[in-house]
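Residue-level structural notes
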Amino acid sequence: MEQTKSFKIDPASRMTGLPKQFFADLTRKAAAQAAKGRDVINLGQGNPDLPTPPHIVKALQEAATNPVYHRYAPFSGFLFLKEAIARRYKEDYGVELDPEKEVAILFGGKTGLVEISQCLLNPGDVCLVPDPGYPDYWSGIALAGGRMEYMPLTAAGGFLPDYDAIPSGIADKAKLMFVNYPNNPTGAAAGPDFYKRTVEFASRQGIVVASDFAYGAIGFDGVQPVSFLQTPGAKEIGVEFYTLSKSYNMAGWRVGFALGNAEIVSLINLIQDHYYCSLFGGIQAAAAEALTGSQACVRELAATYERRRDALFAALASIGWQAEKPGGSFFCWLPVPNGHTSASFADLALEKADVVIAPGIGFGTHGEGYVRLGLLAPEARLEEAVGRLGSLGLFG
Ligand code: PMP
């Protein structure tokens, strides 16, 4: 047989232009350490450690036997699930949403956060992103060929973007912007004033706002996080992304929503018509149960994270590691000890203390000088982790 020419797979530039998965390396190193038989405490990722509440699991078990759900679901999902999220927003935030026009069902919030850039950005269009910030925003912008401009989040500014500091040449060009409170990675919370400033800035500049409310259910010290959609004028200029991953420990179920501006919701539904047929109906039924059933599990979960936060900060104080407590989310943003970069300290923590933490640089250049630690283990494990880090002798 004739020798065929060597066949070459030549990926599209869209693929080669994707941002590097910074944390893949960390995950690999952590797995290698655990494979050596070490007792690794992994606080580096954002994966909720507690199970989905039993009444939601039971709803899926029952729905799984219903043949109605064995067929394709309606393209943009079942109306009952859209009604359920609309009811939750009305009850929790006083926000009115039209379930048919102002709600899109997503395969997790991540999907919508990537899709919105593809829906709105042409190659070269400018998008404002927080720095540090959640890396999935970058992925969607890269796929759309958009250009990122960074809004630095600093301790001095309460980890909120300073709109007055954005050069007018950039603000004038921007078409889309991402905000995310309670914030990953800094744990900062935002109040109504911040969203008022955001709506003013974005309306003036003609920028669409994508509010990532993934940690909307996790606020501390008696302060409930506010939704962007509570701000007058918000729906005219943007959408909010909500997810069941954190509020109900349903990260593996992949249920999220885009809520608000009807035109953007319809663009998201349109792009999804081309990519998918909606989520398994049984999952949609269980998701509706999560949203309409008792919300005691949500309050208990937030209280659990608050107890963990307080235990962690007591332990940090005892080793002389000074840091600000987060106001929401399940992340703590801690300054690295003198003489270290975020990456060198995270490497040391893994090698010498078997503790996985995420280096701040992975979230953007303004993340340098910090590490992110997730409250994703019981109090005793968090205390054990801090004790081990304390023995490195770098604090106090
Ligand atoms: N936004 C932020 C800030 C997150 O941390 C996450 C989860 N890590 C998401 C969105 C997306 O979550 P999901 O896709 O599970 O809804």
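Residues numbered from 1 in each chain as written. Predicted model: local features only at pLDDT ≥ 70, side-chain atom pairs only at ≥ 80, totals over all residues. Heavy atoms only, no water.

1. Points about the site of the ligand
- The full set close to the ligand counts 14 residues, and Gly 109, Asp 212, Thr 243, Ser 245 and Lys 246 are the nearest of them.
- In this structure, an oxygen atom belonging to the ligand sits 2.8 Å away from a side-chain N or O atom of Asn 184.
- For the ligand, the accessible surface in isolation is 400 Å², of which the surrounding protein chains cover 91%.
- Sorting the residues of the shell around the ligand by element identifies α5 (109-120) and α10 (244-247) as the ones contributing at least two each.
- If one sorts the elements of the shell around the ligand by residue count, α5 sits on top with three residues.
- Residues that form the shell around the ligand fall into these classes: four nonpolar, six polar and four charged. (Near = heavy atom within 4 Å. Polar contact = N/O pair within 3.5 Å; in protein donor to acceptor, adjacent residues only side chain to side chain. Areas by Shrake-Rupley, 256 points an atom, 1.4 Å probe, with all protein chains shown as cover. Helix = DSSP H or I, 4+ residues; strand = E, 2+ residues; numbered from the N terminus. Nonpolar A, V, L, I, M, F, W, Y, C, P; charged D, E, K, R; others polar.)

2. As for the side chain of Glu 240
- Examined against the element boundaries, Glu 240 turns out to sit in strand β7 (residues 238-243).
- No salt bridge is formed by the buried Glu 240; its nearest oppositely charged neighbour, Lys 235, is found at 12 Å.
- A distance of 2.9 Å separates polar atoms of two side chains, one belonging to Glu 240 and the other to Ser 211.
- A polar contact of 2.7 Å, which involves the side chain of Glu 240, links it to the side chain of Ser 227. (Buried < 20%, exposed > 50% of the residue type's maximum accessible area, 1.4 Å probe, protein only. Lys, Arg positive; Asp, Glu negative; His and termini not counted. Salt bridge = Lys/Arg side-chain N within 4 Å of Asp/Glu carboxyl O.)

3. Describing the side chain of Asn 261
- Its place among the elements puts Asn 261 in the loop between β8 (256-260) and α11 (262-275).
- Engagement of the side chain of Asn 261 in a polar contact is seen with the backbone nitrogen of Glu 263, the distance being 3.0 Å.
- A polar contact is formed between the side chain of Asn 261 and the backbone nitrogen of Ile 264, at a distance of 3.0 Å.
- Apart from the residues within four sequence positions on either side, Asn 261 is in contact with Lys 235, Glu 236, Ile 237, Gly 238 and Val 239. (Contact = heavy atoms within 4.5 Å.)

4. Brief notes about the nonpolar core
- In this structure, Tyr 89, Met 177, Tyr 242, Leu 244 and Phe 257 are the most contacted members of the largest nonpolar core, which totals 68 residues.
- For this core, the domains that each give at least three residues are domain 1 (13-51 + 297-390) and domain 2 (54-292).
- Other than its neighbours up to four places away in sequence, Leu 244 contacts Asn 249, Met 250, Val 255, Phe 257, Ala 287, Ala 290 and Leu 291.
- Judged by nonpolar contacts, the second largest core, of 35 residues, contains Phe 313, Trp 321, Leu 375 and Leu 389. (Core = buried A, V, L, I, M, F, W, Y, C linked by side-chain atoms within 4.5 Å. Domains from an automatic or database assignment.)

5. Quick notes on the domain arrangement of the protein chain
- Each assigned domain of the protein chain is listed with its residue range as follows: domain 1 (13-51 + 297-390) and domain 2 (54-292).
- The C-alpha-based centres of domain 1 and domain 2 are spaced at 25 Å.
- Facing 32 residues of domain 1, the contacting portion of domain 2 comprises 33 residues.
- Here domain 1 and domain 2 share an interface that buries about 2,700 Å² over both sides, 64% of which is from carbon and sulfur atoms.
- Taken as a group, Ser 329, Phe 363 and His 366 account for 21% of the area that domain 1 buries against domain 2, more than any other trio of residues on that side.
- Between Arg 309 and Asp 221 there is a salt bridge, and its shortest N-O distance comes to 2.8 Å.
- Linking domain 1 with domain 2 are ten residue pairs in polar contact (both at pLDDT 80 or more).
- Elements supplying a minimum of two residues to the side of domain 1 that touches domain 2: α13 (296-319), β9 (331-335) and β12 (370-374).
- Considering every element that reaches the side of domain 1 that touches domain 2, the biggest residue donor is α13, with seven residues. (Buried area = accessible area lost by both parts, 1.4 Å probe.)

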